[in-house]
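If you want the building blocks of each chain, they are given just below.
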Amino acid sequence: MTTEVIKIKGADLQTEEMILNLGPQHPSTHGVLRVILKLDGEVIIAAEPEVGYLHRGTEKLAENRTYPQMLVISDRWDYLSAMSNNLVWCLAVEKLLQIKPPEKADHLRVIMVELNRIASHLVFFGTYGIDIGAYTPFLHAFREREKILDLFEEVSGARMTYNYIRIGGVMADLPADWVGKCRSFLEWMKDRFPEYDTLLTGNPIFQDRTKGIGVLSQAQAITYGVTGPNLRGSGINFDLRKDEPYCSYEKFKFDVPTGANGDCWDRYWVRIQEMKESVKIVEQALDGLPAGETNAKVPRILRPPMGETYAQIEAPRGSLGIYTISDANDKPYRVHVRAPSFINLTMLQEILVGQKVSDVVATLGSIDIVLGEVDR
Amino acid sequence: MIGYFTNIYKVSAALLEGMWVTFKWMFRPSMTVQYPHEKLTPPERFRGTLVFDKDSCTACNLCVKACPTACITLEPYVDPATNKRLAKINWYQIDFGKCNYCRLCEEACPTKPVKSVRHSHGYEWAMTDRKEMNVKWVRP
Ligand code: SF4
Ligand code: SF4
């Protein structure tokens, strides 16, 4: 039909909803996530996240691995904070075996997990900047992250898949002069926060793009089971490190930052504040580092008694839980991972509705998902 | 109207402040290591490629059992005269395509003082074919 004919027939007046695929190959989905968007013009009327592109079946693989071997697999869930994954698996198995790791191991675990939280939030900070259109913060964030990875490399031998926190303790004690290096990193890191604020936090364009966007109300957050910085961004003060302390977190003084409105800005702000709190925790843990053993006595072949257990920790992305059943064998009978990213992602279908297409990436980025953990 | 201009002013001021941070970093030493030309020394505990000592290995199979991805295979040496299994290997093979570089095999290995299978500091390890990833050590 020529343009005239269309006009005469009035065909141009018929409007249709449009389906738009965001991903699975999209630079801003932070991995292989597909979001099916239903659009009315520029406004989103429905959004459906589709997951599973990175599924590796680790819960099933666990049934064929011994308890220590599973640690290696746990590194690959949330690869930006592998220490947390190691920790939660160890806590679960220790609960089954009723082992208590020595005090020093607790401190080392806290140090590693908190450093990893900083590293993970730095990735968020950098990539969120890119999502909004600011490239420079990314380079700054990765410079600092590199320093943390260097520290991890010295302590565990790897940069991403640490396999450092072990059942009953940790892999090995800190290398000589590591504490000094860690302290100088923390000093360096403290001076960087004002720079981050100048680069991104205080930028009015960034604030305009994030404030009032992707609002998650408290009721919605609880209904969807959202945890971590996303929940605290909505103003709910819930942090497992405070509410159900593990690894002697009750000894450390730190605040739990909470947002007010539950928009992208609040979720961003909470993470920036959390990095500052983590620096404080690591400092306290280094100050109070006890002497002594780093490992409890663990039998060479682990056969936990028949039973089931649930262990959970506050990972950088929310509460990460492990449910495992033992049938008194050296391999778990069943493992389930409560992955915070996966559950946080479900809120996307709620908060995207009514937004403009241009805000989708800002909203998705603010949830801070890791697809390795979403799909497992 | 006034709001419009104050907005422009605020944004430009914030941009300039941001640029100032970038500008300050421009004159500090570079953080990037120019990889093929410069190389960092890996730390002591670095988990690089695995090396194997075919003479000290006792063919005890502990590393095979410890490995989470079953990438180690070995065949113990059998004395042809007595038909008895000796504490030596015939061959030992690691499939580096499957290896996680996790150190579980090294930790399980009982040989002292040096572990028969252990991580080296090597990290430049590229193959063009999957078959090459099966590295085999044969004891003559
Ligand atoms: S490093 Fe880990 S994956 Fe590789 S051979 Fe040793 S135990 Fe197996
Ligand atoms: S490498 Fe070590 S653990 Fe493996 S078979 Fe030889 S002696 Fe045993």
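Residues numbered from 1 in each chain as written. Chains lettered and ligands numbered in written order. Predicted model: local features only at pLDDT ≥ 70, side-chain atom pairs only at ≥ 80, totals over all residues. Heavy atoms only, no water.

### Notes on the domain arrangement of chain B
Splitting chain B by domain gives domain 1 (1–31) and domain 2 (50–138). Placing a centre on the C-alpha atoms of domain 1 of chain B and another on those of domain 2 of chain B gives a separation of 57 Å. (Domains from an automatic or database assignment.)

### Brief notes about the confidence of the model for chain B
Atom-level detail of predicted coordinates should not be read off regions where pLDDT is low. Averaged over all residues, the pLDDT of chain B is 86; the fraction at 70 or higher stands at 100%. Interface predicted TM-score (ipTM) for the complex: 0.84; the corresponding pTM is 0.87. (pLDDT = per-residue confidence, 0-100.)

### Some details on a nonpolar patch on the surface
On the surface, a nonpolar cluster with roughly 500 Å² of combined accessible area is contributed by B:M1, B:Y4, B:F5 and B:I8. On the secondary structure map, B:Y4 appears in helix 1 (residues 2–26). (Patch = residues over 30% accessible without salt bridge, like charges linked within 9 Å, V, L, I, M, F, W, Y side chains within 5 Å. Areas by Shrake-Rupley, 256 points an atom, 1.4 Å probe, with all protein chains shown as cover. Salt bridge = Lys/Arg side-chain N within 4 Å of Asp/Glu carboxyl O. Helix = DSSP H or I, 4+ residues; strand = E, 2+ residues; numbered from the N terminus.)

### Describing the site of ligand 1
In the region of ligand 1, 13 residues are neighbours, and B:C67, B:C99, B:N100, B:C102 and B:C105 sit closest. Its residues placed into classes, the shell around ligand 1 shows nine nonpolar, three polar and one charged. (Near = heavy atom within 4 Å. Nonpolar A, V, L, I, M, F, W, Y, C, P; charged D, E, K, R; others polar.)

### Comments concerning the pattern of salt bridges
All names here are of chain A. The tally for this structure, following the rule as stated, stands at 32 salt bridges over all chains. Note that E146 and R159 form a salt bridge whose closest N and O atoms lie 2.4 Å from each other. Remark: R159 occurs in the loop between helix 6 (136–156) and strand 4 (165–166) and E146 occurs in helix 6; sequence separation between them is 13 residues. Salt-bridge contacts for D239 lead to R232; the nearest nitrogen and oxygen are separated by 3.6 Å. Given the relative accessible area of 0%, D239 is considered buried. Where salt bridges share partners, they join E114, R117, R232, D239, R241, E274 and E314 into one cluster. (Buried < 20%, exposed > 50% of the residue type's maximum accessible area, 1.4 Å probe, protein only.)

### Observations concerning the site of ligand 2
With respect to spatial proximity, 14 residues lie near ligand 2, and among them B:C57, B:T58, B:C60, B:C63 and B:C109 are the closest. Partitioning the shell around ligand 2 into residue classes produces 10 nonpolar, four polar and no charged.

### Observations regarding the pairing of strand 3 (residues 43–50) of chain A
Residue and element names in this part refer to chain A. Bridge count for strand 2 (residues 34–40) against strand 3 is seven bridges, and the pairing is antiparallel. By the bridge assignment for strand 3, V35 is matched with P49. In this structure, the hairpin formed by strand 2 and strand 3 is closed by a connection of two residues, where G41 is found at a positive phi of approximately 65°. (Pairing = 2+ DSSP bridges.)

### Quick word on the interface of chain A and chain B
Between chain A and chain B, the contact holds 33 residues from the first and 26 residues from the second. Here chain A and chain B share an interface that buries about 2300 Å² over both sides, 57% of which is from carbon and sulfur atoms. The tally of links between chain A and chain B comes to one salt bridge. Note that B:E107 is salt-bridged to A:R166, the shortest N-O span being 2.6 Å. Mapped by element, the contributors of at least two residues to the side of chain A that touches chain B are helix 3 (67–74), helix 6, helix 7 (178–201) and helix 8 (204–210) of chain A. Looking at the side of chain A that touches chain B element by element, the count peaks at seven residues for helix 6 of chain A. Residue classes in the side of chain A that touches chain B are distributed as 13 nonpolar, 10 polar and 10 charged. (Contact = heavy atoms within 4.5 Å. Buried area = accessible area lost by both parts, 1.4 Å probe.)

### Description of the environment of A:R192
All names here are of chain A. Summarising the element assignment, R192 is placed in helix 7. Given the relative accessible area of 7%, R192 is considered buried. Between the alpha carbons of R192 and A141 there is a distance of 9.2 Å; along the sequence they are 51 residues apart.

### Description of the packing of helix 4 (residues 82–97) of chain A against helix 5 (residues 103–132) of chain A
All names here are of chain A. With their axes 8 Å apart at the nearest point, helix 4 and helix 5 run at an angle of 145° to one another. Residues A82, M83, S84, L87, C90, L91 and E94 of helix 4 form the contact with helix 5, whose participating residues are R109, M112, V113 and N116. Residues that form the contact of helix 4 with helix 5 fall into these classes: seven nonpolar, two polar and two charged. (Axes fitted to C-alpha atoms, helices over the stretch in contact; angles between N-to-C directions.)

### Points about the sheet that holds strand 3 of chain A
Strand pairs in the sheet, formed through backbone hydrogen bonds, run parallel or antiparallel to each other. Residues and elements named next belong to chain A. Overall, antiparallel pairing links the three strands, which are arranged 1-2-3 in an open sheet. Both edges of this open sheet fall to strand 1 (18–22) and strand 3, since each of them pairs with a single strand only. Averaged over all pairs of adjacent strands, the angle between strand axes in this sheet comes to 20°, irrespective of strand direction.

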